[in-house]
Amino acid sequence: MSVTNIGQPESSHIHPPPDTFIKKYVFSLDHKVIAVQYFITGGLFFVLAGLLAELMRAQLMGPNNHVLSIATYNQAYSVHGSAMVWLVVIPLLTGGFGNLVMPLQIGARDVAFPWLNMISFWLFPPAGILLFASFLYGAPQAGWTEYPPFSVQMPFGTSMWCMAIFLIGVSATITGLNFLVTIVKMRAPGMTWTRTPLFVWATGVTAFLSMIATANLSAALAGLFIQREFGVPFYDVSRGGAPVLWQHVFWFYSHPAVYIMILPAFGIVSEVIPTFVRRPIFGYKAIAYSSATIGLLSFMVWAHHMFTSGLQHWEQFAFMVLTMLIAVPTGIKIFSWVASLWGGKIRLDSPLLFVFGFLSTFTFGGVTGILLASVPVDVHEHASYFVVAHLHYVLFGGSMFGIFAGMYYWWPKITGRLLDERLGKWHFWSMFVAFNATFLPMHWIGLHGMPRRVATYDPIYTSTNEFVSISAFVLGLSMLIFAYNALRSAKSGEVAGPNPWGGRTLEWMIPSPAPYYNFKEIPIVLSGPYDYGKPLPYANVDQELATVPVH
Amino acid sequence: MSDFEYEEVRRQRLLGFLFFLISDCVIFGDFIFSYLYLRNAAPVWPPLGIERPYLYLAAVNSVVLFGSGATMHFAMEAFRHSNRRLFVGLLLATIVLGSMFLGGQAYEYTHLHDTWAGSTFGASFFTLTGMHGFHVFIGVIFLITVLIQTLRGTYTPHRYFGLTAATLYWHFVDVIWVALFFLFYIY
């Protein structure tokens, strides 16, 4: 039995390349092309959702402002939140990075079900269009969480929101299924679980969450839709329904969802650190197993979003304890990453800068999360700007900085060119400073009583809100640096070789940009990744491409 | 692709299909949770003026559905023993019994006084049994497709994943019905 046939039957043979424009760039079955489609679409929605945020901040420049009406402001934050969660962060991390990197890192030619992968992507633009088109029919106004009874009473735009999120939910479920089968069944020969790159571990747990948790969202949305359109009384108190039922089912999805939004970013951090510090990652197994632990625990903490919804005391206590518990595996990762810096040769280029941005802001957000996990604190801070600050520190500071770290890191692999390093540093520092200037003061006004989701506020909060709004505009502008960098790189960026950063995972052992078949011959894995200073851990790779440059 | 190489593909497809069935179970689980939650929160159950559907009709219908599960099981056995005529016959029987189940459900729906939007009982009952009925309908379509593929000779003794998937799906639909029958007619 020849070694190269194990686990890689059909995909060992290289199929002929796609020939027409439609097959190459529109309805492509190639995971790398699909990834780029996700990046472009997700990037577009990031701009739209970001503009909504800037409009919100313009309204909040002063109390009783007239930039947006109250109803429009409500619609703005509802669509901003929904779009950022479902049309930006989740698609970019799963459909974007998961698709691009995971099959390369496991030595596969593609995912398990390429046709389903394509379907997953093509559900995405219609979902986004449906969500933004809801503005024409009265966009949802009850936040991205759309609690009944408010969400039941709103105009048709809320039903469009239900349909849009349902579509993107189906897309995410299919992607999760696809990725999990790929990771379980299609790793290269010799790639045991403990030789699998940490980004793949992260993507695997995320895929499991996507697959199992998202179904709950579909159920909740279906219930809301049929109540709105057909009068079916799930959440209608006057006919025996219960608004809290929505909260339970919605949060049973939405808490795992926040882990879907952060685990791939954790994976990106685990990849960038060894490469830019030129030493093995510290605590590989700790990071891998803690990802799985986080995945499991994420299903047990949902009601910490419901501490003020009338839960029994014992329920509040149980969820408080479990929520604090989930900080333990997360903390293990943070410590492992920091320990990975010890004794390394640190190369402070853009990817690592964004990782440091991630580590500082995400840790800070995690700490405020522990504060909010405590019921006595949350009862006061629920639905205040303290929560807004917390969520942006973990989602923007965490996920977004992670996304940019990954962009700078893997840009050369997909395009064959490097992003400009000076522009990258400008981007990082302006974004990091503006981010903290925008969201740090929110802790203060939150603790001092400013509620969230309000179009106006008590004048005592004015000066802080002004400062936050101006910082938010600068934050938005800092993104332009990245956009310019990207365009410039496409036109005249420095040509990257196969391995510009000196990485040791499989994606760096093939040319940049990657050929459609990924690997001429499926590699054989001989030891774990990240083993700097040791012999190359793969056989069957092109020796010319596999030379890891020494700095 | 040789039969040896196909084995790996078959395993990937099987795992993918099982994952799909699990995620489908989660959706049913959510609505079952909703039913139990609303039932527990209600001061009186069934809600005032609502009568529970009759056990007798549903029991007969259940026997029909479980019978179709049995015929499907034996159809697979016949296929594995290369008994093509028995396989086709049992597959047809499964399709007929499945359709009879749907007919029975339609009869029950039209003879119930409660409506979908009428009460929390109606909300739970019609949503769950409706979802289940929809799944049975898709299942019948799936089985008809398998029948057509069989008559066209698509399946070989070593390559018949479509048939495996249809069988798993049909048994899944059966298992969900066990839960729903218990929840709405017994409990």
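Above this text you will find the structure in question.
A short tour of the structure in this document, coming up.

Rules used in this analysis
- Residues numbered from 1 in each chain as written.
- Chains lettered and ligands numbered in written order.
- Predicted model: local features only at pLDDT ≥ 70, side-chain atom pairs only at ≥ 80, totals over all residues.
- Helix = DSSP H or I, 4+ residues; strand = E, 2+ residues; numbered from the N terminus.
- Buried ≥ 20, exposed ≤ 12 C-beta atoms within 10 Å, placed from the backbone.
- Contact = placed C-beta atoms within 7 Å.
- Nonpolar A, V, L, I, M, F, W, Y, C, P; charged D, E, K, R; others polar.
- Core = buried A, V, L, I, M, F, W, Y, C linked by C-beta atoms within 7 Å.
- Expected span 1.5 Å × (residues − 1).
- Bend = angle between axes of the 7 residues up to and from the residue.
- Axes fitted to C-alpha atoms, helices over the stretch in contact; angles between N-to-C directions.
- Parallel < 35°, antiparallel > 145°, perpendicular 65-115°, else oblique.
- Left-handed = near helix turned anticlockwise from the far one by under 90°.

As for the overall build of chain B
Secondary structure summary: chain B contains five helices and zero strands in total. Within chain B, the proportion of its 187 residues that are buried is 33%. Taking contacts inside chain B between residues at least 6 apart in sequence as the whole, the part at least 24 apart equals 79%.

Side note on the overall build of chain A
A tally of helices and strands in chain A yields 17 helices and two strands. In terms of overall dimensions, chain A has C-alpha extents of about 70 × 50 × 45 Å along its principal axes. Residues counted as buried form 57% of the 551 residues belonging to chain A. Nonlocal contacts in chain A, meaning residues at least 24 apart in sequence, comprise 82% of its contacts between residues at least 6 apart.

As for the interface of chain A and chain B
Counting residues at the interface gives 30 residues for chain A, matched by 27 residues for chain B. Mapped by element, the contributors of at least two residues to the side of chain A that touches chain B are α1 (9-12), α8 (157-185), α9 (198-230) and α10 (243-277) of chain A. At nine residues, the largest contribution of residues to the side of chain A that touches chain B is made by α9 of chain A. Class assignment for the residues of the side of chain A that touches chain B results in 19 nonpolar, eight polar and three charged.

Some details on the nonpolar core
All names here are of chain A. Judged by nonpolar contacts, the single largest core of 216 residues is most densely connected at V269 and A405. A per-element tally of this core places α10 first, with 22 residues. Each residue touching A405, except ones within four places of it in the same chain, is listed here: I268, V269, V272, P351, F354, V355 and F358.

Some points on helix α4 (residues 70-105) of chain A
Residues and elements named next belong to chain A. A rise of 1.5 Å per residue sets the reference length of α4, with its 36 residues, at 52 Å; its end C-alpha atoms lie 48 Å apart and thus fit the reference within 8%. The largest bend along α4 reaches roughly 50° and is located at P91. Counted residue by residue, α4 has 33 buried out of 36 residues, so it is predominantly covered.

Here we look at helix α5 (residues 161-186) of chain B
All names here are of chain B. Its 26 residues give α5 an end-to-end C-alpha distance of 37 Å, which sits within 8% of 38 Å, the value for a rise of 1.5 Å per residue. Every buried residue of α5 is listed here: L163, A166, T167, Y169, W170, F172, V173, I176, W177, L180 and F181. Where α5 is buried, its residues touch α1 (3-41), α2 (55-80), α3 (84-110) and α4 (120-151).

Quick word on the packing of α9 of chain A against α1 of chain B
When two helices pack together, you describe them by how their axes are tilted relative to each other and by the distance separating the axes. Direction vectors running N to C along α9 of chain A and α1 of chain B enclose 45°, while the axes themselves pass 8 Å from each other. Judged by the inter-axis angle, α9 of chain A sits oblique to α1 of chain B. When the axes of α9 of chain A and α1 of chain B are compared, the crossing they make is right-handed. Touching M211, I212, A215, N216, S218, A219 and G223 of chain A of α9 of chain A are F19, S23, V26, I27, D30, F31 and S34 of chain B, all from α1 of chain B. Residues belonging to the contact of α9 of chain A with α1 of chain B are distributed by class as follows: eight nonpolar, five polar and one charged.

What to know about unusual backbone geometry
Between P148 of chain A and P149 of chain A the backbone carries a cis peptide bond, its omega angle lying at 0°. A cis amide bond, omega -5°, links W45 of chain B with the succeeding residue P46 of chain B. Looking at the secondary structure, you find P46 of chain B in the loop between α1 and α2. Backbone geometry at E146 of chain A places phi at a positive 45°, although glycine is not the residue there.

Details of the environment of S68 of chain B
All names here are of chain B. Examined against the element boundaries, S68 turns out to sit in helix α2. Put simply, S68 and F79 are 11 residues apart on the chain and 16 Å apart in space, counted from C-alpha to C-alpha. Look past the residues within four positions of S68 in its chain and what remains in contact with it is T94, L97, G98 and F101.

With respect to the environment of Y259 of chain A
Residues and elements named next belong to chain A. Along the chain, the position of Y259 falls in helix α10. For Y259, a count of 23 C-beta atoms within 10 Å puts it in the buried group. On a C-alpha basis, the gap between Y259 and S399 in space is 10.0 Å, while along the polypeptide they are 140 residues apart. If sequence neighbours within four positions are ignored, Y259 has contacts with L209, I294, G295 and S298.

From the geometry alone we can't say anything about function, so treat these as descriptive.
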